[in-house]
Amino acid sequence: MNVQKLKAARILKGYTQTDVAKKLGVSLPTYAQKERGKIDFSIKEVIKLANILDLDIAQIDDIFFEGKLTKCITTPHEGREAG
């Protein structure tokens with residue numbers, strides 16, 4: 001997870017960690033640990049965060065999956081044809 005980009009996305013929306021923690025339904029200490037990469041976000045939390053921060057699929061991929069999601073979608077898998 002790219003913690004700097006997640007923090008930047010939150011700040012760009014004008015939210016504090018407290019704001020996002022409340023919207024996400026977790027305590028502030030829990031959210032702070034998650035934002036720092038100490039605890040992983042669940043996939044449900046990633047989806048909620050994407051909605052809270054208005055992230056598009058490329059931003060979600062970049063922040064949470066380090067580009068692996070779109071690489072998986074755009075790269076043919078071994079033994080299968082693309083298309």
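As a reminder, the structure under discussion sits directly above these lines.
The sections below set out a description of the structure shown in this document. (Residues numbered from 1 in each chain as written. Predicted model: local features only at pLDDT ≥ 70, side-chain atom pairs only at ≥ 80, totals over all residues. Heavy atoms only, no water.)

With respect to the packing of helix 2 (residues 17-24) against helix 4 (residues 43-52)
Item 1. At their nearest, the axes of helix 2 and helix 4 sit 10 Å apart, and the two run at 125° to each other. The angle between helix 2 and helix 4 falls in the class oblique. Crossing of helix 2 against helix 4: the hand is right-handed. On the side of helix 2, the interface is formed by Val 20, Lys 23 and Leu 24, while helix 4 contributes Glu 45, Lys 48, Leu 49 and Ile 52.
Item 2. Looking at the contact of helix 2 with helix 4 residue by residue, the classes come out as 4 nonpolar, no polar and 3 charged. (Axes fitted to C-alpha atoms, helices over the stretch in contact; angles between N-to-C directions. Helix = DSSP H or I, 4+ residues; strand = E, 2+ residues; numbered from the N terminus. Parallel < 35°, antiparallel > 145°, perpendicular 65-115°, else oblique. Left-handed = near helix turned anticlockwise from the far one by under 90°. Contact = heavy atoms within 4.5 Å. Nonpolar A, V, L, I, M, F, W, Y, C, P; charged D, E, K, R; others polar.)

Remarks on helix 3 (residues 28-35)
Item 1. Taken as a whole, helix 3 has its buried residues at Tyr 31, Ala 32, Lys 34 and Glu 35. Burial along helix 3 is one-sided: seen end-on, the buried residues are contained in an arc of 160°.
Item 2. Residues of helix 3 that are buried sit in contact with helix 1 (3-12), helix 2 and helix 4.
Item 3. Phi turns positive one or two residues past the end of helix 3, at Gly 37, with a value near 80°. (Buried < 20%, exposed > 50% of the residue type's maximum accessible area, 1.4 Å probe, protein only. Arc of directions from axis to C-beta.)

Some details on the packing of helix 2 against helix 3
Item 1. Running from N to C, helix 2 and helix 3 cross one another at 105°; their axes reach a closest spacing of 9 Å. By the angle between their directions, the pair helix 2 and helix 3 is classed as roughly perpendicular. Residues Gln 17, Thr 18, Val 20, Ala 21 and Leu 24 of helix 2 lie in contact with helix 3, whose contacting residues are Leu 28, Tyr 31, Ala 32 and Glu 35.
Item 2. The residue makeup of the contact of helix 2 with helix 3, split by class, is 6 nonpolar, 2 polar and 1 charged.

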